[in-house]
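# Structural overview
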Amino acid sequence: MTKKISLIHSTNLAQVDYAYASRIPAGMDVLFLAGACPLTKEGIVPDSSDYETQAKLCIENLKEALNEGGASLEDVVYTRVLVATQNQTDLVTAWETIRKEFGIHDVPSTLSGVTVLGYRNQLVEIEAVAAVDRK
């Protein structure tokens with residue numbers, strides 16, 4: 001029997017496009033993923049000021065890391081999205097790009113603007129926690 005995480009929505013808080021919390025059933029393994037960066041296979045951040053392009057590359061890298069751990073986006077229980085900007089529209093661009101990939105799995109998330117990220121030219125990073133059935 002496959003266990004499923006629960007996404008918790010609130011009728012007492014503002015209606016938002018993500019769950020307020022998630023619950024992991026007992027007996028599942030928890031995966032803590034390093035921040036998914038917009039790195040090519042060669043380890044290079046494309047020289048771009050395009051937040052959407054970098055967010056898409058982060059998602060592709062996140063999917064690959066999840067796959068290596070036996071998980072997918074539907075197994076993610078929390079994300080933190082970091083965007084190097086002082087402009088709220090850049091945050092929204094990255095957020096909307098990432099949220100589209102998660103579809104109806106409206107995982108609890110934190111979106112933060114930061115001054116700088118670790119790689120040269122890096123604009124976006126996604127941290128994630130996922131839960132999978134024990135084997």
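Our subject is the structure that appears above.
Every value quoted in this text rests on a predicted model; they were computed, and no experiment measured them.

Before going further, it helps to examine the overall build of the protein chain. Scanning the protein chain for helices and strands turns up two helices and six strands. From first element to last, N terminus to C terminus, the protein chain shows the α and β order β-β-β-α-β-α-β-β. The C-alpha atoms of the protein chain give 15 Å as radius of gyration, which agrees with the globular expectation for 135 residues (14 Å, within 12%). Each principal axis of the C-alpha distribution contributes one length, and for the protein chain these read about 45 × 40 × 20 Å. With 135 residues in all, the protein chain has 38% of them scored as buried. Relative to all contacts within the protein chain whose residues are 6 or more apart in sequence, the contacts with residues 24 or more apart total 74%. Summed over its atoms, the accessible surface of the protein chain is roughly 8000 Å², and 51% of this surface lies on carbon and sulfur atoms. Of note, the protein chain has its 12 positive side-chain charges centred 6 Å away from the centre of its 18 negative side-chain charges.

Turning our attention to the nonpolar core. Among the nonpolar cores identified, the biggest contains 25 residues, and Leu62, Leu66, Val76, Ile98, Phe102, Val124 and Ile126 are the most heavily contacted of them. Listed by contribution, the elements that provide at least two residues to this core are strand E3 (28-36), helix H1 (51-68), strand E4 (76-84), helix H2 (88-102) and strand E6 (124-133). Sorting elements by how many residues they give to this core places H1 first, with six residues. Excluding anything up to four places from it in sequence, leucine 66 contacts Leu33, Ala71, Ser72, Leu73, Val76 and Ala130.

It is worth spelling out the state of the cysteines at this point. Enumeration according to the criterion identifies zero disulfides in this entry. Cysteine 58 supplies the cysteine sulfur nearest to cysteine 37, a cysteine that is in no disulfide, at a spacing of 6.3 Å. With a relative accessible area of 10%, cysteine 37 lands in the buried category.

According to the stated counting rule, one finds two aromatic pairs in the structure shown. Seen from their ring centres, tyrosine 18 and tryptophan 95 are 6.0 Å apart, and the 85° between their planes marks the pair as edge-to-face. In this pair, tyrosine 18 is assigned in the loop between strand E1 (6-8) and strand E2 (21-23) and tryptophan 95 in helix H2, connecting sequence segments 77 residues apart. The exposure class of tyrosine 18 is partly exposed, given its relative accessible area of 24%.

Let us look at the pairing of E6. Burial of E6 is extensive: eight of the 10 residues sit out of reach of the surface. The pairing of E3 with E6 spans seven bridges and is antiparallel. Within E6, the residue paired with valine 30 across the bridge is alanine 131. Both E4 and E6 contribute to a ladder of seven bridges, which runs antiparallel. Bridged to tyrosine 78 within E6 is valine 129.

The rules behind these values
Residues numbered from 1 in each chain as written. Predicted model: local features only at pLDDT ≥ 70, side-chain atom pairs only at ≥ 80, totals over all residues. Heavy atoms only, no water. Helix = DSSP H or I, 4+ residues; strand = E, 2+ residues; numbered from the N terminus. Rg over C-alpha atoms; globule rule 2.2 N^0.38 Å. Buried < 20%, exposed > 50% of the residue type's maximum accessible area, 1.4 Å probe, protein only. Contact = heavy atoms within 4.5 Å. Areas by Shrake-Rupley, 256 points an atom, 1.4 Å probe, with all protein chains shown as cover. Lys, Arg positive; Asp, Glu negative; His and termini not counted. Charge placed at Lys NZ, Arg CZ, Asp CG, Glu CD. Core = buried A, V, L, I, M, F, W, Y, C linked by side-chain atoms within 4.5 Å. Disulfide = S-S within 2.5 Å. Phe/Tyr/Trp six-rings, centres within 6.5 Å; stacked < 30°, edge-to-face > 60°. Pairing = 2+ DSSP bridges.

Nothing here speaks to function; it is geometry throughout.
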